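# Observations on the three-dimensional arrangement
What follows is the residue order along each chain.
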Amino acid sequence: MASSLSLFFLFLITFSATLTTPANSLPTFFPGATYQSLIKQAKTPKPKLPFKAHYFPQTLDHFTFQPKSSKLFYQKYLINSHYWHKGAPIFVYTGNEGDIEWFAANTGFMLDIAPKFKALLVFIEHRFYGESMPFGKESYKSAKTLGFLNSQQALADFAVLIRNLKQNLSSEASPVVVFGGSYGGMLAAWFRLKYPHIAIGALASSAPILQFDKIIPWSSFYDAVSQDFKDVSWNCYEVIKGSWEELEAMSTQKEALAELSKAFRTCKSLHSTASARDWLWTAFVYTAMVNYPTEANFLKPLPAYPVQEMCKIIDKFPSGAAKLGRSFAAASLYYNYSRAENCFEIEHEVDTHGLHGWDWQTCTEMVIPMTCSKESMFPPSGFDYEEFAEQCQMKYGVLPRPHWITTEFGGERIHKVLKRFGSNIIFSNGKQDPWSRGGVLKNISASIIALVTEKGAHHVDFRSATKDDPDWLVEQRRQEVEIIQKWLNEYYADVRHA
């Protein structure tokens, strides 16, 4: 599902001050996450959406019976019942790492198809994000509170809330289909596997469920980002690839920070050359992820096909121009397409969407090793688990469990697990999305379907339909609707013959 959902994605590890660092110092992008220097959550107005907010008294710990386990917190969820009637389907978005309004605002596909299915739409916020804080302002205080933040607890939250909602609506026969993008797409697929008695099917968009352990090469993500730029312009790729060396050389000069602050038009003087690197890195990665065919405002306001627009900026410079300057000009498109910024808050950007809990998740269960190969446009680097674990230990006092996700949900044999135990899952991916390398790209069975487009970006199928949508995107959504209709027809036929 639109994942993200991947979205996806905070910089989860501490960065070193040089450009030649091990991969555990690389930005770990994930659906929805944003630039690593986010230091506080911005108080921005919530989008006006056709949903009503509700709060469900949720159990803190679904898996133990300690006295503290039964503590309740209020989990936020959004509902649109405009087209629904009793017995009609319920479409549930399995919220990922951020404010639930943000995902609702960027998942117009569900609103688009609700009239056809007469569906009730429900967007459930993930625990420890948005307003769904089990310990209020103390939720991120320490590992004692954050220890209740993990994917298994989140899946159980969804299950309990859905069952309670159906009971309250006196519509327990209503079939449920779950939707999710990026990390939310992973949750949707896992929910169908873990709770098949609650959801009859799942649409998992841009869900990198194969990104763990050694299932795929660790360099896959950054190789894919690089390929997106290379496909548009070899010169563009070469300029970005060469800019890191220029930045490193500049960092050794006297007054380097002052010069960089001036060159990068920072609002405040830089404290580290690594901040400039991270700022560039973020722009190129997220632009590749959201290389949508129409104008959009998911992570930032961007034009249609922003990778192409970035490369146009680079390619317009004379061949002798500094590569670092050309890369800065291209990255500025990501941060200032609206031309509203007079300077850049490179080290003090705020967390607009409430994503900072993802740092904890990557230091515990969501361990996604990443490296940069020599083919990448980013500096070559490896992954050092021991150093990564040491940083998590220092920050949270806990050690990561790098094999837990594949133990809990399936590892290298996940295709066989899905084929044997799973059914009614759509994995939708676009090959221009770097996260697609970790997605399911081939049909696993007659009912576990991979819908793959050559040009699709990160959960683009979940965006609202527009008159400018290309034919391939219209067709992908048509197939998704057709498959969901088939699931519902089969469900209602079974009910009639029960």
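About the criteria used
- Residues numbered from 1 in each chain as written.
- Predicted model: local features only at pLDDT ≥ 70, side-chain atom pairs only at ≥ 80, totals over all residues.
- Heavy atoms only, no water.
- Helix = DSSP H or I, 4+ residues; strand = E, 2+ residues; numbered from the N terminus.
- Rg over C-alpha atoms; globule rule 2.2 N^0.38 Å.
- Areas by Shrake-Rupley, 256 points an atom, 1.4 Å probe, with all protein chains shown as cover.
- Lys, Arg positive; Asp, Glu negative; His and termini not counted.
- Charge placed at Lys NZ, Arg CZ, Asp CG, Glu CD.
- Axes fitted to C-alpha atoms, helices over the stretch in contact; angles between N-to-C directions.
- Parallel < 35°, antiparallel > 145°, perpendicular 65-115°, else oblique.
- Left-handed = near helix turned anticlockwise from the far one by under 90°.
- Contact = heavy atoms within 4.5 Å.
- Nonpolar A, V, L, I, M, F, W, Y, C, P; charged D, E, K, R; others polar.
- Pairing = 2+ DSSP bridges.
- Domains from an automatic or database assignment.
- Buried area = accessible area lost by both parts, 1.4 Å probe.
- Salt bridge = Lys/Arg side-chain N within 4 Å of Asp/Glu carboxyl O.
- Polar contact = N/O pair within 3.5 Å; in protein donor to acceptor, adjacent residues only side chain to side chain.
- Buried < 20%, exposed > 50% of the residue type's maximum accessible area, 1.4 Å probe, protein only.

- The name recorded for the chain in an unreviewed UniProt entry is Lysosomal Pro-X carboxypeptidase, from Herrania umbratica.

## Topic: the overall build of the chain
- On a plain count of helices and strands, the chain comes out with 16 helices and ten strands.
- A compact globule built from 498 residues should have a C-alpha radius of gyration of about 23 Å, and the chain, at 22 Å, falls within 12% of that.
- Once the C-alpha set of the chain is aligned to its principal axes, its extents read approximately 75 × 55 × 45 Å.
- As displayed, the chain offers around 20300 Å² of accessible surface, 53% of which is attributable to carbon and sulfur atoms.
- Between the averaged position of the 50 positive side-chain charges in the chain and that of its 49 negative side-chain charges there is a distance of 5 Å.

## Let's talk about the packing of helix α10 (residues 306–316) against helix α11 (residues 323–336)
- Close contact between α10 and α11 brings their axes to 8 Å; oriented N to C, the two are set at 150°. Between α10 and α11, the crossing angle belongs to the class labelled roughly antiparallel. By crossing handedness, the relation of α10 to α11 is classed as right-handed. Listed contacts from α11 to Pro306, Glu309, Met310, Ile313 and Ile314 of α10 are Arg326, Ala329, Ala330, Ala331, Leu333 and Tyr334.
- Counted by class, the contact of α10 with α11 contains nine nonpolar, no polar and two charged residues.

## Side note on the sheet that holds strand β5 (residues 176–181)
- Strand order in the open sheet made by the eight strands is β1-β2-β4-β3-β5-β6-β9-β10, with mixed pairing throughout. The outermost strands of the open sheet, each flanked by one partner alone, are β1 (52–59) and β10 (448–453). For this sheet, the mean inter-axis angle between neighbouring strands, taken without regard to orientation, is 20°.
- Relative to β10, strand β9 (residues 425–430) runs parallel, the two being bridged by six bridges. Its bridge partner being in β10, Asn429 is matched across the sheet by Val452.
- Sheet strands touched by helix α2 (residues 108–117): β2 (72–80), β3 (90–94), β4 (120–124), β5 and β6 (201–205). Its angle to β3, the strand with the most contacts, is close to 165°.

## Digging into the domain arrangement of the chain
- The domain boundaries assigned to the chain delineate domain 1 (52–213 + 405–497) and domain 2 (220–336).
- A straight line from the C-alpha centre of domain 1 to that of domain 2 covers 33 Å.
- If you look at the interface, domain 1 gives 19 residues, while domain 2 gives 19 residues.
- Taken together, the two surfaces of domain 1 and domain 2 that pack against each other cover about 1600 Å², and 64% of this comes from carbon and sulfur.
- A per-residue breakdown of the area domain 1 buries against domain 2 is headed by Gln432, Pro434 and Arg437, which together make up 34% of the total.
- For the interface between domain 1 and domain 2, the tally reads zero salt bridges.
- Counting across the domain 1 and domain 2 interface gives four residue pairs in polar contact (both at pLDDT 80 or more).
- When its residues are assigned to classes, the side of domain 1 that touches domain 2 shows eight nonpolar, six polar and five charged.

## Notes on the side chain of Glu347
- As for its placement among the helices and strands, Glu347 is situated in the loop between α11 and α12 (358–362).
- Despite its burial, Glu347 remains without a salt bridge, the nearest opposite charge being carried by Lys268 at 9.1 Å.
- At a separation of 2.7 Å, a polar atom in the side chain of Glu347 contacts the side chain of Ser275.

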